[in-house]
Amino acid sequence: MKKVWWKESIVYQIYPRSFKDTDNDGIGDIRGIIQKLDYIRDLGVDVIWLCPVYRSPNDDNGYDISDYTDIMEEFGTLDDFDELLKEAHSRDLKIIMDLVVNHTSDEHPWFVASQKSKNSPYRNYYHWRKGRAGKAPNNWPSFFKGSAWERGKNDSEYYLHLFSKKQPDLNWENSAVRKEVHRIMKFWLDKGIDGFRMDVISLISKDIGFPDTDYEDFYDVIDHVYANGPRVHEFIREMYEEVLCHYDVMTVGEGPGITPDTANLYVGHSRKALNMIFHFGHLHLGSNKNGKYDVVPWDLREFKSVFNIWDEALAGEGWNSIFLGNHDFARMVSRFGNDARYRKESAKLLAILLLSMRGTVFLYQGDEIGMTNVAFPSIEDYNDIETISSYREAERAGRDMDEFLKIIHDRSRDNARTPMQWNHSENGGFSKTTPWLKCNPNYRHINVAENEGDPDSILNFYRRMIRFRKNHSLLVYGGFQLLMEDDPDLFVYKRFDKNLEILVVLNFSNKKRELTLDAHGSRELICLLSNYDKPVSQQGNTFLLRPWEGNIYKVLNL
Ligand code: ISL
């Protein structure tokens, strides 16, 4: 397998709005990131992924861009950005930026012109269509509820918006649009950035006949109607040939609707396309047909199988990305661990999982200190457009809204967007003024300062585990084999290369569990790393694992 830096990298994702506020307007900013660069470097990561920092009216917190080559006023200036890049590079940290080009803001000058006149050359930058009997051109639903079409102001036609009505979809069929995108990419790459995370890149090509969909399940609509459109690979290859192949950069495409069967079309080594994609197999577990606020039970066997299937799919041809949360999902310790009694143990166990899989690792801000979900008492406390639109839809459907608020506590994107908890002072040291989104009140005991002072903290465990990965290249490049796939509590796998075999044993439960390993031949296990302080108790081939205990062993074949 070809060795390259972006496969070995550990990426730290920053949601700038919630990271660190230095001018005390309650909103994080670029100078705040500069201030914390030493902290990021000391984690041991290699790359920062910056969520959008471009000009935006913030209908969807920066994912609605009104100027691609300038910085959002609340975040600072282009000079601040240049300084950030310089300061990051001087610490050997790379920066990748979010490229959000499936849609723009409706306040982008292209859309303003497009809306103003049917004769404008910008009209064809977007998808405008005639309605059907006074209604939308087809029955497509938006990710944020309601129709995916909105009638233009004083216009007889409708424009497509797969997300909010303030996020009109760009018409990639138009080569002028594609050239604009290439120009934007070059603008940032020529400044020296190190790559892009490409927002919903699987959605950029549409079936421009815009047929109705018969699917009722929203995930089916994504998979079969919105994603993997007829020209998507052509558009990505063009981007590669026009722009990306001229730079040594990392690319990761966000890939709703991409399956293990289709992934290599995006990331296969010979495809001249992307380095990797984000799939959502594990994050969609427990979500029913209407999406993430439509909750059903799931279990660890399904979770393990997602990792297994994706590793297998990408092992030869492509490359995987590994992440357990981001700015769109619940906090990973709340979602996959136990954020109450076993918060510390389970956060560390998840760190072992995240950092011992094959693929490029993405760690989301705050997860390194075990930040948890938040349970705001009222919908008024929430900011996220997806949360609010789902709440309003549930209200219209006559749902029990107390129950629905509980689902929001569990699933809302704002769980991951509460301000970073730096210390126990007012607003968690994020800002001296009331932040744009309330802090999680647990900042008083869950914060960076408290973690720094405790050798046994989650933060210090992350640092250890990151060093461990860096010292064991087989964790990056070696083979992966899932063991005990039917066990409902234990996630057990091997990582190996020709010199070394490593066994990872993770108890994903609140119970003590016994584990008996097959003794084929004579083998000795040496515990290299554990999330508990004392080594696991062992008798012969039988181990007693404590709740959420996670261990990494070296396997010696005697
Ligand atoms: O689960 C999902 C799809 O199956 C979603 O989380 C999906 O990945 C998401 O809605 C797309 O997210 C990205 O684009 C959005 C923006 O709101 C998100 O923050 C961004 O990550 C529109 O730009």
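Residues numbered from 1 in each chain as written. Predicted model: local features only at pLDDT ≥ 70, side-chain atom pairs only at ≥ 80, totals over all residues. Heavy atoms only, no water.

> What exactly am I supposed to notice about the pairing of strand E5 (residues 94-99) here?
Each regular strand carries side chains that alternate between the two faces of the sheet. Burial within E5 is extensive, with 5 of its 6 residues counted as buried. Bridge count for strand E2 (residues 47-50) against E5 is 4 bridges, and the pairing is parallel. Across the sheet, the residue bridging to Leu-50 is Met-97, located in E5. As paired strands, E5 and strand E9 (residues 195-198) are joined by 3 bridges and run parallel to one another. Pairing of Asp-98 across the sheet is with Arg-197, part of E9. (Buried < 20%, exposed > 50% of the residue type's maximum accessible area, 1.4 Å probe, protein only. Helix = DSSP H or I, 4+ residues; strand = E, 2+ residues; numbered from the N terminus. Pairing = 2+ DSSP bridges.)

> Looking at this structure, how should I read the domain arrangement of the chain?
Note on interface size: it is often stated as the accessible area lost on association of the parts. For the chain, the assigned domains read domain 1 (5-103 + 175-387 + 413-466), domain 2 (109-160) and domain 3 (478-556). Listed per partner, the contact involves 25 residues of domain 1 and 18 residues of domain 2. Where domain 1 abuts domain 2, roughly 1,800 Å² becomes buried across the two surfaces, and 67% of that area is made up of carbon and sulfur atoms. The largest share of the area that domain 1 buries against domain 2 comes from Phe-210, Asp-212 and Tyr-226, three residues that together contribute 32% of it. Taken together, the connections running from domain 1 to domain 2 amount to 1 salt bridge. Inspection of the region where domain 1 meets domain 2 yields 8 residue pairs in polar contact (both at pLDDT 80 or more). Among the residues making up the side of domain 1 that touches domain 2, the classes are represented as 14 nonpolar, 3 polar and 8 charged. (Domains from an automatic or database assignment. Contact = heavy atoms within 4.5 Å. Buried area = accessible area lost by both parts, 1.4 Å probe. Salt bridge = Lys/Arg side-chain N within 4 Å of Asp/Glu carboxyl O. Polar contact = N/O pair within 3.5 Å; in protein donor to acceptor, adjacent residues only side chain to side chain. Nonpolar A, V, L, I, M, F, W, Y, C, P; charged D, E, K, R; others polar.)

> Explain the site of the ligand to me, please; I cannot follow it from the model alone.
Around the ligand sit 21 residues in total, of which Asp-60, Asp-199, Glu-254, His-284 and Asp-328 are the nearest. A distance of 3.0 Å is found between an oxygen atom of the ligand and a side-chain nitrogen or oxygen belonging to Arg-197. Between the ligand and the protein, one listed contact pairs an oxygen atom with a side-chain N or O atom of His-284 at 2.7 Å. In isolation the ligand has 500 Å² of accessible area, and contact with the protein removes 97% of it. With respect to the pocket detection grid, the ligand is positioned in the largest pocket. Each residue belonging to the shell around the ligand can be placed in one class, and the counts come to 10 nonpolar, 4 polar and 7 charged. (Near = heavy atom within 4 Å. Areas by Shrake-Rupley, 256 points an atom, 1.4 Å probe, with all protein chains shown as cover. 1 Å grid on protein atoms, 1.4 Å probe; cavity = no way out; pocket = protein on both sides within 12 Å on 5 of 7 lines; lining within 4 Å. Sits in = over half its atoms within 2 Å of the grid points.)

> Help me understand the layout of surface pockets, please; the structure alone is not making it clear to me.
One water molecule sets the probe size; rolling that probe over the atoms shows where empty space is left. Here the largest pocket defines a volume of roughly 660 Å³. Every element with two or more residues in the lining of the largest pocket is listed here: helix H7 (218-226), strand E13 (291-295) and helix H13 (385-396). Per-element accounting of the lining of the largest pocket gives the leading share, 4 residues, to H7. A per-class count over the lining of the largest pocket returns 15 nonpolar, 11 polar and 12 charged. When residues are assigned to domains, the lining of the largest pocket turns out to be shared by domain 1 (5-103 + 175-387 + 413-466) and domain 2 (109-160), each giving three or more. (Points joined across faces, edges and corners; volume = space filled by probe spheres on them.)

> I would appreciate a short explanation of the side chain of Glu-501 in the present structure.
Looking at the element boundaries, Glu-501 is found in strand E18 (residues 501-507). With sequence-adjacent residues up to four places away left out, Glu-501 is seen in contact with Lys-494, Arg-495, Phe-496, Arg-523, Tyr-553, Lys-554, Val-555 and Asn-557.

> When you look at the environment of Tyr-125 in this model, what are you seeing that I'm missing?
Within the element layout of this structure, Tyr-125 appears in the loop between helix H5 (109-116) and strand E6 (128-130). According to the relative accessible area criterion, Tyr-125 is buried, its value standing at 6%. Distance in space between the C-alpha atoms of Tyr-125 and Ile-34 is 36 Å, their sequence separation being 91 residues. Here Tyr-125 is in contact with Trp-110, Asp-169, Leu-170, Asn-171, Asn-174, Ala-176, Val-177 and Glu-180, once residues within four sequence places are set aside.

> Would you explain the pattern of salt bridges in this entry?
Side chains bearing opposite charge may pair, as long as their charged atoms lie close to each other. Applying the stated criterion to the full structure yields 48 salt bridges. The residue Lys-166 makes a salt bridge to Asp-106 at a minimum N-O spacing of 2.8 Å. Here Lys-166, found in the loop between strand E8 (157-160) and helix H6 (175-191), pairs with Asp-106, found in the loop between E5 and H5; they are 60 residues apart in sequence, far enough to count as distant. In this structure, Arg-413 engages Asp-328 in a salt bridge whose closest nitrogen and oxygen atoms are separated by 3.2 Å. Placement of the pair is Arg-413 in the loop between helix H14 (401-411) and helix H15 (448-452) and Asp-328 in the loop between strand E14 (321-322) and helix H11 (332-336), with a sequence separation of 85 residues. Exposure remark for Arg-413: the relative accessible area of 6% places this residue in the buried category. On the basis of relative accessibility, which here comes to 11%, the residue Asp-328 falls in the buried class. Salt bridges sharing common partners tie together Asp-38, Arg-41, Asp-42, Glu-87 and Arg-91.

> What is the right way to read helix H8 (residues 232-242) from this model?
The periodicity of an α-helix, 3.6 residues per turn, causes residues three or four positions apart to be oriented the same way. Residues Val-232, Phe-235, Ile-236 and Met-239 constitute the buried set of H8. Buried residues along H8 cover an arc of 95° about the axis, so they all sit on one side. In this structure, the buried side of H8 is in contact with H6, E9 and helix H9 (263-267). (Arc of directions from axis to C-beta.)

> Looking at this structure, how should I read the packing of aromatic side chains?
Working definition: an aromatic ring pair is given by the centre-to-centre distance plus the angle between the planes. This model, assessed by the stated rule, comprises 44 aromatic pairs. Seen from their ring centres, Trp-49 and Phe-278 are 5.5 Å apart, and the 25° between their planes marks the pair as stacked. Highlighted residues: Trp-49 in strand E2 and Phe-278 in strand E11 (residues 276-278), separated in sequence by 229 residues. Comparing Trp-49 with Phe-278, the two get one shared label, buried. With centroids separated by 5.0 Å and ring planes inclined at 80°, the aromatic side chains of Phe-187 and Trp-188 adopt a geometry described as edge-to-face. (Phe/Tyr/Trp six-rings, centres within 6.5 Å; stacked < 30°, edge-to-face > 60°.)

> Sorry, what's going on with the nonpolar core here?
Note on soluble globular proteins: their nonpolar side chains tend to be buried together. In this structure, Leu-353 and Phe-491 are the most contacted members of the largest nonpolar core, which totals 152 residues. Leaving out residues up to four positions away in the same chain, Phe-491 has contacts with Leu-300, Phe-303, Lys-304, Phe-307, Leu-353, Met-357, Leu-482, Val-504, Val-505, Leu-506 and Phe-508. Membership of the second largest hydrophobic core comes to 21 residues, among which are Ala-136, Tyr-158, Val-200 and Leu-203. (Core = buried A, V, L, I, M, F, W, Y, C linked by side-chain atoms within 4.5 Å.)

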